[in-house]
Amino acid sequence: MSLLSPFKVARQAIVAVVIVLAALVCLASAHAQVTQASTKVQEKSDEYVDPYGRTTPEGAVRGFVTALGQKDYERASLYLDLRRYSSAQRRRRGPELSKQFEVLLTRGGQFFPRAAQSNAARGRLNDGLDPDLERVGLLGWDDRQVDILLERIDRPPGAVWLIARETLDTVPEAIGAEAETLIDRSLPEHLRDITFLGAPLGHWLVLVGLTGAAYLLAWAAISLGLHLDTAFCKWRRRETRSFLTTLAPPTRLLLTSILTTTIASRIGVSIVARESYGRLLEIVGWVATAWLAWRIVDVMNGIVRDRLHNAGRGQMASIAAFIGRLVKVVIVAVGAIAILDTLGYDVTAGIAALGIGGLALALGAQKVVENLVASMSILSDQPVRVGEFCKIGDTLGTVEEIGIRSTRIRTLENTLVVIPNSDLAAKQIENFARRHQFWFHPIINLDYRTSPTDLRSFLERLRALLASQTEFRDPPRVRLLGLGSDRFPVEVFAYVTTADNDEFLKVQEEVTILILDLVAEMGLHLAPPTVSIVGGAAEEGEHRE
């Protein structure tokens, strides 16, 4: 079986498409950069970089929380929309509002996770709000909840995002509610007075203890659920219960992150501590989510592959394994991007920058692309499957694995040969596992001194002998091929109806012995082997004179 033409054409075509697409991405990226540069020249507001980080909603929130952590309420007031106040009133009212806002956030307010905050100068335009408004969190008191809104204010020298007047108007009403939180009522005074990283030391200790308690609670809940499942759901298959057990560790970690974040805002942990610690919990949450998705793919892929192997569909199992690897790559990529985004890196710009190196990647990784395309072609066309005995080029052995880059073959000498899939697709493949019958084709060379009568009788008796054997699909063909120089060659042409090589060898052995018995019974002789003299050495060939 030769795969050279179709696979070579498909491989070259797809590599060309990848290179062209990479070039288009590169050009699009360059065009976007040129357009962006020209836009910045034309619009001063877009090129403005605020020294306080208020150019984007995410930057405004981060700067405001940082100022609160440093107890710099005068600086924190720069993140509030105080345009309705005079300059003297701003200097007095701004720090006061900032401090009151911190109190409200600590009581039960929260900013949304960083992944939910826009890092674009224009904010999110599809959130159903006015284009100049952005929802970044919630304030809560007396069973009420109010959105924390930022407003984009265009003023010289450039546009900035500030906490909207609409949100600030709720501060006087909210500040009159119950002032003391649960954590303040419970902590000793010295743990509230000592400040660490902008928040009371006791609040940090509560967060650490709360994390441990949340993990124990998650562990107990999941363990109880697994025990109840074992006790009351005995009808479940073993693989299903194994699946649930495998998901337990990442689920505990994810629940710990969610519980800690939720409870911390309810008991009144400082917003400064929650924001800093919440960044760590958010990273833990993304790691747990990626870990959970990885394990789900692992378990589901294992179940599918086992069932396909049990059903005798080894090639489909290889395809399932291949798809599982691709999904895992996507999981790792998404998890890495989410974590980098949580740490504050501009992931959008990083992803766009990938277009610049797209062409170089396509050219430099051409062999990788070829192997990937060839592996997909092999898995779809199925010239060989895992577990099949075949000959690929000069390599004879059993296919052990068809991977993304290469195929592994176990030879008869028990060595492992690794063939790149691009090379495999270009080689001639002889698949022995797919034959349903074996060719039985011996040549019986009778001695030249055999008489015509004996020769005719031998042919008739040999036909009758072979016709009585049930292992052959059709009655074997027995013919005298002609007059040899020193022998009478008699050909046997037949197919043994078996797909098992050992069974064929057994039949071949038995029939060969029966033929030799017939030759001996009739008093006939086989012609001796012929030799020839080449360079003084005797080799098999013409009869030696």
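First things first, this report covers the structure right here in the doc. (Residues numbered from 1 in each chain as written. Predicted model: local features only at pLDDT ≥ 70, side-chain atom pairs only at ≥ 80, totals over all residues. Heavy atoms only, no water.)

From N to C terminus, the chain includes 19 helices and 17 strands. The proportion of buried residues among the 545 residues of the chain is 38%. Total accessible area computed for the chain in this model is approximately 30300 Å², and 59% of it derives from carbon and sulfur atoms. (Helix = DSSP H or I, 4+ residues; strand = E, 2+ residues; numbered from the N terminus. Buried < 20%, exposed > 50% of the residue type's maximum accessible area, 1.4 Å probe, protein only. Areas by Shrake-Rupley, 256 points an atom, 1.4 Å probe, with all protein chains shown as cover.)

With that settled, consider the environment of alanine 317. The residue alanine 317 is located in helix α13 (residues 314–342) in this model. The sequence separation of alanine 317 and glycine 302 amounts to 15 residues, and the corresponding C-alpha distance is 9.2 Å. With residues near it in sequence (within four places) discarded, alanine 317 still touches Arg305, Leu308 and His309. (Contact = heavy atoms within 4.5 Å.)

Strand order in the open sheet formed by five strands is β10-β9-β8-β7-β11, and the pairing between neighbours is antiparallel. The open sheet has two free edges, formed respectively by β10 (416–420) and β11 (429–431), since each of these has just one partner strand. When strand polarity is set aside, the average angle formed by the axes of neighbouring strands in this sheet is 40°. Pairing analysis gives three bridges linking strand β7 (residues 389–392) to β11, with the strands arranged antiparallel. Residue pairing in the sheet places lysine 391 in a bridge with glutamate 430 of β11. (Pairing = 2+ DSSP bridges. Axes fitted to C-alpha atoms, helices over the stretch in contact; angles between N-to-C directions.)

Turning our eyes to something else, we now look at unusual backbone geometry. A positive phi is found at lysine 71, a non-glycine position, where the angle reads about 55°. When you line up the elements, lysine 71 lands in the loop between α3 (57–69) and α4 (73–76). Its identity is not glycine, yet asparagine 414 carries a phi of approximately 70°, on the positive side. Inspection of the secondary structure puts asparagine 414 in the loop between β9 (406–411) and β10.

A few words on the pattern of salt bridges. Per the stated rule, a full pass over the model turns up 17 salt bridges. Residue glutamate 58 is joined to arginine 62 by a salt bridge in which the shortest nitrogen-to-oxygen separation is 2.3 Å. Placement of the pair is glutamate 58 and arginine 62 together in helix α3, with a separation of four residues, close to one helical turn. Residue classification places arginine 62 among the partly exposed positions, given a relative accessible area of 39%. (Salt bridge = Lys/Arg side-chain N within 4 Å of Asp/Glu carboxyl O.)

So, on to the environment of arginine 307. Relative to the elements of secondary structure, arginine 307 occurs in helix α12 (residues 271–310). Taking the C-alpha atoms as reference points, arginine 307 and alanine 317, 10 residues apart in sequence, are found 8.4 Å from one another.

With that out of the way, let us pick up the pairing of strand β15 (residues 487–496). The buried fraction of β15 is high, at eight of 10 residues. The sheet contact formed by strand β13 (residues 443–447) and β15 spans five bridges and is antiparallel. In the sheet register, aspartate 447 faces β15, and the bridge partner there is arginine 487. Relative to β15, strand β14 (residues 477–480) is paired through four bridges, and the arrangement is antiparallel. Looking at β15, one finds that leucine 480 is bridged to valine 490.

Evaluated as defined, the whole model comprises eight aromatic pairs. A centroid spacing of 5.8 Å and a plane angle of 85° characterise the contact between phenylalanine 493 and tyrosine 495, whose relative ring orientation is edge-to-face. Take tyrosine 495: its relative accessible area is 28%, and that puts it in the partly exposed class. Here arginine 477 stacks its cationic end above the ring of phenylalanine 493, 4.5 Å away from the centre of that ring. (Phe/Tyr/Trp six-rings, centres within 6.5 Å; stacked < 30°, edge-to-face > 60°. Lys NZ or Arg CZ within 6 Å of the ring centre and 35° of its normal.)

Attention now goes to a negative patch on the surface. Together, Asp500, Asp502, Glu503, Glu509 and Glu510 make up a region of like negative charge exposed at the surface. Structurally, the position occupied by aspartate 502 is in helix α19 (residues 501–521). (Patch = residues over 30% accessible without salt bridge, like charges linked within 9 Å, V, L, I, M, F, W, Y side chains within 5 Å. Lys, Arg positive; Asp, Glu negative; His and termini not counted. Charge placed at Lys NZ, Arg CZ, Asp CG, Glu CD.)

A few words on a nonpolar patch on the surface. Taken together, Tyr215, Leu216 and Trp219 make up a surface patch of nonpolar side chains, about 330 Å² in accessible area. Along the polypeptide, tyrosine 215 turns up in helix α10 (residues 201–232). By relative accessible area, which is 35% here, tyrosine 215 ends up partly exposed.

Ranked by size, the top nonpolar core spans 37 residues in total, and within it Phe64, Leu68, Phe101, Leu105 and Phe111 carry the most contacts. Counting residues per element, this core draws most heavily on α3, at six residues. Phe438, Phe440, Ile444 and Ile515 belong to the second largest nonpolar core, which has 24 residues in total. (Core = buried A, V, L, I, M, F, W, Y, C linked by side-chain atoms within 4.5 Å.)

Attention shifts here to the packing of α3 against α12. The interhelical angle for the contact between α3 and α12, taken along N-to-C directions, is 125°, at an axis separation of 9 Å. Classified by the angle their axes make, α3 and α12 are oblique. Our pair here, α3 against α12, has a crossing hand that is left-handed. Along its contact with α3, which presents Val65, Leu68 and Gly69, the element α12 presents Ile271, Val272 and Glu275. Of the residues in the contact of α3 with α12, the class split is four nonpolar, one polar and one charged. (Parallel < 35°, antiparallel > 145°, perpendicular 65-115°, else oblique. Left-handed = near helix turned anticlockwise from the far one by under 90°. Nonpolar A, V, L, I, M, F, W, Y, C, P; charged D, E, K, R; others polar.)

Next up on the list: the pairing of strand β8 (residues 395–402). The sheet contact formed by β7 and β8 spans four bridges and is antiparallel. Following the sheet pairing, phenylalanine 389 is matched in β8 by threonine 398. As consecutive antiparallel partners, β7 and β8 are separated by two residues, and within that stretch glycine 393 has a phi angle of approximately 65°, a positive value. Sheet analysis places β8 next to β9, joined by five bridges and oriented antiparallel. Bridging across to β9, isoleucine 402 finds its partner in threonine 407. Where β8 hands over to β9, the hairpin turn is made up of three residues, counted between the paired strands.

The subject of this paragraph is the packing of helix α18 (residues 452–467) against α19. To describe two helices that pack against each other, one gives the angle between their axes and the distance between the axes. As a packed pair, α18 and α19 sit with axes 11 Å apart at the nearest point and diverge in direction by 150°. When the axis of α18 is compared with that of α19, the two are roughly antiparallel. Read as a crossing pair, α18 and α19 show a hand that is right-handed. For the pair α18 and α19, the contacting residues are Phe458, Arg461, Leu462, Leu465 and Leu466 in the first and Val511, Leu514, Ile515, Leu518, Val519 and Glu521 in the second. When its residues are assigned to classes, the contact of α18 with α19 shows nine nonpolar, no polar and two charged.

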